[in-house]
Amino acid sequence: MHKILLNLFIISLSIPAFACPELAGNFDCVSDSGPVNSFIISKGVEANQVIYQINGTKLVANGIPETRSKGDGFPTTYTTSCEGESLRARMQTHVSSAICPSLPLDVDSITLFSKSGSDIIMDDQTILNCPDKAPMNIRHKYICKKK
């Protein structure tokens, strides 16, 4: 009986890793409406949490907002979660920008990474909000091919 309970416990610890998509590799991305991007992504598990590294930024896929200070003094909040076969990464920050003379410019960006064979479809929607202008909504869909 103890072996059965121990096995069920071990299996339950690994469930979060199975709920998140297997996204790993070095990718070049193209879009009809935006620039060419490239990124490196990896997936791992630390302390029973699914961790993604995207271009060196560590994202814990638990849906809990995590705020970090950046070098420019503006804090950035990351909220990352797995939704079916997609990784949802949200970044909220303030930045200084020529777009917004009355600082700061609020940036709210949500990117969905979805697997399509060996490729990744990246759907990025960013809302830029400057205090003295109407919000700008920018959306790009990328097809990212593994290098």
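Residues numbered from 1 in each chain as written. Predicted model: local features only at pLDDT ≥ 70, side-chain atom pairs only at ≥ 80, totals over all residues. Heavy atoms only, no water.

Engineer: A description of the overall build of the protein chain should follow, citing residues and the corresponding values.
Structural biologist: Within the protein chain, the secondary structure is distributed over 1 helix and 10 strands. Of the regular secondary structure in the protein chain, the N- to C-terminal order runs α-β-β-β-β-β-β-β-β-β-β. Long-range pairs, those at least 24 residues apart, make up 35% of the contacts in the protein chain between residues at least 6 apart in sequence. As displayed, the protein chain has an accessible area near 8800 Å², and 60% of this comes from carbon and sulfur atoms. (Helix = DSSP H or I, 4+ residues; strand = E, 2+ residues; numbered from the N terminus. Contact = heavy atoms within 4.5 Å. Areas by Shrake-Rupley, 256 points an atom, 1.4 Å probe, with all protein chains shown as cover.)

Engineer: Let's hear about the environment of Pro-104: which residues, and what values?
Structural biologist: Here Pro-104 is to be found in the loop between β7 (86–95) and β8 (105–116). Look at Pro-104 and you get partly exposed, because its relative accessible area is 28%. For the pair Pro-104 and Pro-131, spaced 27 residues apart in sequence, the C-alpha separation works out to 8.0 Å. Setting aside its immediate chain neighbours within four residues, Pro-104 contacts Phe-74, His-94, Val-95, Asn-129 and Pro-131. (Buried < 20%, exposed > 50% of the residue type's maximum accessible area, 1.4 Å probe, protein only.)

Engineer: Can you lay out the side chain of Asp-108 for me, pointing to particular residues and giving the numbers?
Structural biologist: Within the element layout of this structure, Asp-108 appears in strand β8. A distance of 2.5 Å separates polar atoms of two side chains, one belonging to Asp-108 and the other to Arg-90. (Polar contact = N/O pair within 3.5 Å; in protein donor to acceptor, adjacent residues only side chain to side chain.)

Engineer: Describe in detail the pairing of strand β3 (residues 49–54), supporting the description with residues and values.
Structural biologist: Two strands pair when backbone bridges link them, and strand β2 (residues 37–46) and β3 are joined in this way by 6 bridges, in the antiparallel orientation. Bridge assignment links Lys-43 to a residue of β3, and that residue is Tyr-52. Connecting β2 to the antiparallel partner β3 that follows it, the hairpin turn spans 2 residues, and Ala-47 within it adopts a positive phi of roughly 50°. Hairpin remark: β3 followed by strand β4 (residues 57–60), antiparallel, with 2 residues in the connecting loop; positive phi at Asn-55, about 50°. (Pairing = 2+ DSSP bridges.)

Engineer: Describe the nonpolar core, listing the residues and the values that go with them.
Structural biologist: One finds Phe-39, Ile-41, Tyr-52, Leu-87, Phe-113, Ile-120 and Cys-144 to be the most contacted residues of the largest nonpolar core, which totals 19 residues. Looking at this core, the elements with two or more residues in it are β1 (25–30), β2, β3, β7, β9 (119–129) and β10 (136–146). The element that contributes the greatest number of residues to this core is β3, accounting for 3 residues. Apart from residues no more than four positions distant in its own chain, Ile-41 is found in contact with Leu-23, Ala-24, Gly-25, Phe-27, Tyr-52, Gln-53, Ile-54, Leu-87 and Ile-120. Within the second largest apolar cluster, 6 residues are counted, among which are Cys-100, Leu-105, Leu-128 and Cys-130. (Core = buried A, V, L, I, M, F, W, Y, C linked by side-chain atoms within 4.5 Å.)

None of this, on its own, says anything about what the molecule does.
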